[in-house]
Amino acid sequence: MSQMMDSDAQYTQCLQDLSLASRILAHHGIVDGFGHVSCRDPRSPKEHFLLSRNLAPALVQPEDIVTWRISDAEPADPNSPRGFLERCIHSEIYRRFEDVEAVVHFHSLDIIPFGLSPIPFKAVYHMASFLGSESAPIFDISDSFGPTTDMLIRNTTHGAALASSFSPLFDVIPNTAAGAHARPRCHTHRGVS
Ligand SMILES: [Zn+2]
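Described in the following lines is the structure provided in the data block. Since the structure is predicted, the reported quantities are computational estimates derived from the model, not experimental observations.

Okay, the overall build of the protein chain next. A tally of helices and strands in the protein chain yields 5 helices and 6 strands. The linear arrangement of helices and strands in the protein chain, starting from the amino end, is α-β-β-β-α-β-α-β-α-α-β. In the protein chain, which comprises 193 residues, the share counted as buried stands at 36%. In the protein chain, of all internal contacts separated by at least 6 residues, the share reaching a separation of at least 24 is 58%.

Here we take up unusual backbone geometry. Even without being a glycine, A73 presents a positive backbone phi close to 65 degrees. Position of A73 relative to the elements: it lies in the loop between β3 (65–69) and α2 (87–96). Judged by local crowding, A73 falls into the buried class, with 24 C-beta atoms found within 10 Å. For M151, which is not glycine, the phi torsion reads 70 degrees and is therefore positive. You can see M151 is positioned in the loop between α4 (141–145) and α5 (156–164).

With that out of the way, let us pick up α5. Along α5, the residues classified as buried are H158, G159, L162 and A163. Taken around the axis of α5, the buried residues stretch over an arc of 135 degrees, which confines them to a single face. Pointing more than 90 degrees away from the buried face of α5 are the exposed residues T157 and S164.

This part covers the packing of α2 against α5. Viewed as axis vectors pointing N to C, α2 and α5 meet at an angle of 55 degrees, and their least axial separation amounts to 8 Å. Considering their axes alone, α2 and α5 lie oblique with respect to each other. The handedness of the crossing between α2 and α5 is right-handed. On α5, the residues touching C88, I89, S91, E92, I93 and R96 of α2 are T156, H158, G159, A160, L162 and A163. Its residues placed into classes, the contact of α2 with α5 shows 6 nonpolar, 4 polar and 2 charged.

Judged by nonpolar contacts, the single largest core of 29 residues is most densely connected at F49, L50 and I93. The set of elements that each furnish at least two residues to this core consists of α1 (7–27), β1 (36–40), β2 (48–52), β3, α2, β4 (102–105) and α5. Per-element accounting of this core gives the leading share, 4 residues, to α2.

As a further point, take the environment of F114. Its location among the elements puts F114 in helix α3 (residues 112–116). Among the residues examined, F114 registers 18 C-beta atoms within 10 Å and is labelled partly exposed. Put simply, F114 and I138 are 24 residues apart on the chain and 8.5 Å apart in space, counted from C-alpha to C-alpha.

This paragraph deals with the sheet that holds β3. Pairing in this open sheet of 4 strands is antiparallel, and the strands run β3-β2-β1-β4 from one edge to the other. With partners counted over all chains shown, the strands left at the sheet margins are β3 and β4, one partner each. Strand after strand, the sheet turns through a mean of 25 degrees between neighbouring axes, direction not considered. Bridge count between β1 and β4: 4 bridges; the pairing is antiparallel. Directly across from C39, in β4, lies its bridge partner A102.

Scoring rules and cut-offs
- Residues numbered from 1 in each chain as written.
- Predicted model: local features only at pLDDT ≥ 70, side-chain atom pairs only at ≥ 80, totals over all residues.
- Helix = DSSP H or I, 4+ residues; strand = E, 2+ residues; numbered from the N terminus.
- Buried ≥ 20, exposed ≤ 12 C-beta atoms within 10 Å, placed from the backbone.
- Contact = placed C-beta atoms within 7 Å.
- Arc of directions from axis to C-beta.
- Axes fitted to C-alpha atoms, helices over the stretch in contact; angles between N-to-C directions.
- Parallel < 35°, antiparallel > 145°, perpendicular 65-115°, else oblique.
- Left-handed = near helix turned anticlockwise from the far one by under 90°.
- Nonpolar A, V, L, I, M, F, W, Y, C, P; charged D, E, K, R; others polar.
- Core = buried A, V, L, I, M, F, W, Y, C linked by C-beta atoms within 7 Å.
- Pairing = 2+ DSSP bridges.

Below you can see the structure in the form of structure tokens.
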């Protein structure tokens, strides 16, 4: 029997894995009530990604996963349940970086302070060497969209601005409370992810 899974089987497996990942991230406190994890849709990885409907990460089950278009972050099925506004973070990262397979968006209390202070987020011991030698760039949504922004990445224009801030080696530390918050990215797994 072939070891290769067809795309439908991969899709079924993906629904299970992605929902489990969501619950694991919640269990370990990586995502809070508003964080989310996504991955490309194995049936059409260049066009679609998979992300749960608007639901607390700890509650996500396979049937809660919705298929979204990478091109505009809208659901592939217009009758799909409501999604997270911040899904544009995911769509624009997939659109810009073809090698990114998965994205986690979360609000890390360990990392957010580095987006607010002048102290750079950088490796200081060998276990963090995957960060490289440069400090992570910081994305401030008000630089692109003015001081009256509500700090939420709520459309593809906002998402594209954030994605454009990513460098080949690092994810970006947004310094807004409701912006995208990404952990450092290793060289071989750029999807935050
Ligand atoms: Zn957020």
